[in-house]
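# Per-entry structural report
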Amino acid sequence: MPKARPLSAQSKAAWSDFGGSQPGSQFDFDKQNIRDDPDLITPVAAEGGSGRKKRPASAVTPATQKSRGFLGKIGHGIRSLWMTKDTENVKEDKELHVKTTLRELIIYCIFLAILCIVTFGMTGVDMFYYTKVVSDLFLDSSYTGGGTFRSITSVDDFWKFSKGPMLKGLYWETWYNGQPVPNDQLGYVYYESKLLGIPRLRQLQVHTNSCVVHDDFKGVIRECYESYSEALENTKPFGEQDNKTAWYYQSEEELDGGSHWGLMATYSGAGYVQNLGTNMSQATETIDYLYDKLWIQRGTRVVFLDFTIYNANINLFCVVKLTVEFPPTGGAIPHWTLRTVKLIRYVSVMDYFVMACEFMLVVFIVYYSVEEAIEIKKHKCSYFKSVWNIMDILVILLATICVAFNVYRTIAVDNLLQELVTKPDEYANFEFLAYGQEQFDNAIAICVFLAWIKIFKYISFNKTMTQLSSTLGRCAKDLAGFAVMFFIIFLAFTQLGYLLFGTQVKDFSNFQSSFFTLFRIILGDFDFAQLEQAHRVLGPVFFMLFVFFVFFVLINMFLAIINDTYSEVKGDLENMPNEFEMGDYFKKSYEKVLSKLNVKHDKIVDIQKALNNADMNNDKQVDFDEWRQNLKTRGYADGEIEALFAKYDIDGDRVLDEEEQKRMQADLNDQRMALTKEYDDMQRPDSTGRSTSRVSFNDDSESDEDDNLNKSARSNASGGVVSGVSYEEFTVLARRVDRMEHSIGSIVSKIDAVLVKLEAMEKAKSKRKDNMTKMLDTISSDRGQGDAARADKMERFVREELDKWDSEATLHLPPLTSNLPPLTSQPPSIARSLSPVPPSIVSTPTPSRPSSARSRNTNFIDEI
């Protein structure tokens, strides 16, 4: 009869785990049928649970208890959704720290993946090529005289561009072979992009005498036109003042326009406006009319050409604004804005997938908003001391703004397109939507950037990942002091460069350009020839002083601060352990799962053995008493035994007949095979090819003591699924401990004997040295005697000494391994401890030293 298994309370916990954790388990016991058993009461429960008073049974009804339990589970589940390292006390519970960190990291990775899908789903390589095509058509096409829009320098160049590349680029009315394009295909640029509405010209002027003429020139100069500012705008009609709108000023509200940031100034959305027409002939007539009537005058400060095209092949809009500024110095300065945007978001299947991700992004924004609100409520003002928390708020705010604009853009584009369909002969103003979409793209780009940087917050448990933040944090004060010194010198050189070369070198034409030009010099991007050409002496001197003080001195000081701090941080991190080892956590979880599989397998084996051994009278029937007695000896509770028996006792006669036993045996075998397969699947990834468990799923016989011990050790190592050991396992451990103590004691005693022998030999050596000294002194004192007498005396003295040596007791040690079992039969730890013993200690010293000493002394006597 095998010894008792662990306590029934432990078996019950294991049984319930076995029956409930597997979906296909054959042993789901009904807890209402499990009787109360004293065996099931753990010591803690019997004592009232940590010293707390037991609540009377009448205090809480079963219905109330069930309701509270259900609501408590819901509340705990909802609260666990927002559990973070900042809201929970994870310093004292490492397992909670690991679980919380892993949950935060996984959820944030999902959020980051969705954010990236939403962001990159709005862009693509087609945007670049669409912008390039439009740029080549309108900016690089040459007009009469060989110039392009980029090279416009005068009013005459602007009109040449307007009559040539502008009209040809906007109106494609013939095919490449000269044949006319059908009417239903007119209004396309490059035959692919639809021209929405009609193009529009707009100009802004300043009024006459907007500046002050010096008294000495008032008689000669009668008109003066200042640089542009909104306060100096000319709002009066000018020119022909016929039915054309080009001669009449319209406000920003009337045009539904917005301001534009140019190279010379920021221009309002008002001005004098003229639409070009729906075809080439109308546009040509309008351009010729404006040219002949001098639409551009001395007070004109800027002219805009605005139009929008849409390519349905790639579902992209391109909103074009070509700008020519006329500064008060004379001449013309061109620049342009090409905004390629995706205003219609949901067309293809991929677009709808992105829309689903956008809804998920909204859910994550709400989730993280609640999380940050909980953290703010807990930490109050100290919450804002963390850079990561500030970054969290920025990401949430940017994402919220982007979601809000996404909704607005969808509604506004639909309304604008409906209006465009009803009024195709008017200008289609997509400028504000394009500008908003551009800012939306910028905001979400910054949001993605911050979101990627924020990953460091969740992987900071690894000390290697904290090097960057630790280095910057530690040297922040040094860098702040260095920055003050650096910018004092840098701004001094900026002002010097602007004042010396601002009138001749474009890169130093204003303070801002001078500032960025000096940064470019630090990176190696400079034009020394321009500086030398601007001033043959001061140019080279300025350049050499800047390179010496900024590049050779200040930059190297900056690098020295970073390098020294990084070395300190690196040294500190080498001696600092990680907050927790993620690998150990996964290894522990893996071993726990394996242990559960082993426990389940042992239960199946126990039931099979009980089924085979319970039929003591060999009547091929197992009654309940036989069944209960057999399983009771194996440590199982009455409730478990009765529940399993009732499952297969179909007729309810408290006896398992042969057919019922076969059903139970078949179910057990199926469950056992399933566990074997699951166990093998978990063991297969092991790179060493060796199983981590020694449990045999195909052997019903009792294992030897080593296998039982290993199986118990694995079960206990997994986190306490079974907290005790059986009597036979304890006996095996006790025998092993006794054998180890005996072996180690024998080794220690023999090492002590060797040490005693070595000490005795050292004493004998010292004594022999003293005797030899006495012998030599005697020989020296007898120089006056005859040689024969001296020889006899010396021989007698030496022989007396040799006799004394022979009479001294010699220590003999038995061989060190004489009473030890073979190394191969020892446990691995003992075998390892025995293997490195030196042969000089293991072997017994031979007592041959005195005889060899005697022979040497005899030879010495004969020589004398």
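Throughout what follows, the structure given in this document is the object of discussion. (Residues numbered from 1 in each chain as written. Predicted model: local features only at pLDDT ≥ 70, side-chain atom pairs only at ≥ 80, totals over all residues. Heavy atoms only, no water.)

## Focus: the overall build of the protein chain
Counting its regular elements, the protein chain contains 27 helices and 11 strands. For the protein chain, the proportion of its 864 residues judged to be buried stands at 38%. In the protein chain, the share of contacts with a sequence separation of at least 24, taken over all contacts with a separation of at least 6, comes to 67%. Just so you have it, the protein chain exposes about 50,000 Å², and 59% of that area is on carbon and sulfur atoms. (Helix = DSSP H or I, 4+ residues; strand = E, 2+ residues; numbered from the N terminus. Buried < 20%, exposed > 50% of the residue type's maximum accessible area, 1.4 Å probe, protein only. Contact = heavy atoms within 4.5 Å. Areas by Shrake-Rupley, 256 points an atom, 1.4 Å probe, with all protein chains shown as cover.)

## Observations concerning the pattern of salt bridges
Counted under the stated rule, the structure contains 17 salt bridges. In this structure, Arg298 engages Glu223 in a salt bridge whose closest nitrogen and oxygen atoms are separated by 3.5 Å. You can see Arg298 sitting in the loop between helix H8 (280-292) and strand E7 (300-311) and its partner Glu223 sitting in the loop between strand E2 (193-205) and strand E3 (249-250), a full 75 residues away along the chain. According to the relative accessible area criterion, Glu223 is partly exposed, its value standing at 36%. A salt bridge links Glu438 to Arg339, with the shortest nitrogen-to-oxygen separation between them at 2.9 Å. (Salt bridge = Lys/Arg side-chain N within 4 Å of Asp/Glu carboxyl O.)

## Quick notes on a negative patch on the surface
Negative charge collects at one region of the surface, where Asp256, Glu419, Asp425 and Glu426 lie side by side. Assignment of secondary structure puts Glu426 in the loop between helix H10 (387-422) and helix H11 (431-453). (Patch = residues over 30% accessible without salt bridge, like charges linked within 9 Å, V, L, I, M, F, W, Y side chains within 5 Å. Lys, Arg positive; Asp, Glu negative; His and termini not counted. Charge placed at Lys NZ, Arg CZ, Asp CG, Glu CD.)

## A look at the state of the cysteines
In total, this model carries one disulfide according to the counting rule given. One disulfide in the model links Cys211 with Cys224; its S-S distance is 1.3 Å. Negative torsions about the S-S bond denote left-handed disulfides, and the value of about -105° found for Cys211 with Cys224 makes this one left-handed. Note that Cys211 is positioned in the loop between E2 and E3 and Cys224 in the loop between E2 and E3, a separation of 13 residues in sequence. Comparing Cys211 with Cys224, the two get one shared label, buried. Looking at the unpaired Cys447, the closest cysteine sulfur is the one in Cys402, lying at 6.2 Å. Taking relative accessible area as the criterion, Cys447 reaches 1% and is therefore assigned buried. (Disulfide = S-S within 2.5 Å.)

## Looking at the packing of aromatic side chains
Inspection of every chain in the model, using the stated rule, returns 46 aromatic pairs. Relative to Phe384, the ring of Tyr383 lies with its centre 5.2 Å away and its plane at 90°, an arrangement referred to as edge-to-face. In this structure, Lys321 is placed above the aromatic ring of Phe304, and the distance from its NZ or CZ to the ring centre is 4.9 Å. (Phe/Tyr/Trp six-rings, centres within 6.5 Å; stacked < 30°, edge-to-face > 60°. Lys NZ or Arg CZ within 6 Å of the ring centre and 35° of its normal.)

## Focus: the nonpolar core
A general feature of soluble globular proteins is that nonpolar side chains tend to end up buried together. Counting residues in each nonpolar core, the largest one holds 42 residues, and the members touching the most others are Leu276 and Trp295. Considering each element in turn, this core owes the most residues, six residues, to helix H6 (residues 155-170). Those residues in contact with Leu276 that lie beyond four places of it in its chain are Met166, Leu170, Tyr171, Pro199, Leu201, Gln282, Ala283, Thr286, Ile287 and Leu305. Grouped together as the second largest cluster of nonpolar side chains are 33 residues, Leu115, Phe364, Tyr368 and Leu398 included. (Core = buried A, V, L, I, M, F, W, Y, C linked by side-chain atoms within 4.5 Å.)

## Describing the pairing of strand E8 (residues 316-325)
Taken across its 10 residues, E8 has 10 buried, putting it largely inside the fold. Alternating positions in E8 separate into two faces, Leu316, Cys318, Val320, Leu322 and Val324 on one and Phe317, Val319, Lys321, Thr323 and Glu325 on the other, with burial throughout. Direction of pairing for E7 relative to E8: antiparallel, over a ladder of 10 bridges. From the neighbouring strand, Thr308 faces E8, where its bridge partner is Val319. Where E8 meets strand E9 (residues 333-341), nine bridges bridge the pair, whose relative direction is antiparallel. Each residue of the ladder has a partner; that of Glu325, found in E9, is Ile333. (Pairing = 2+ DSSP bridges.)

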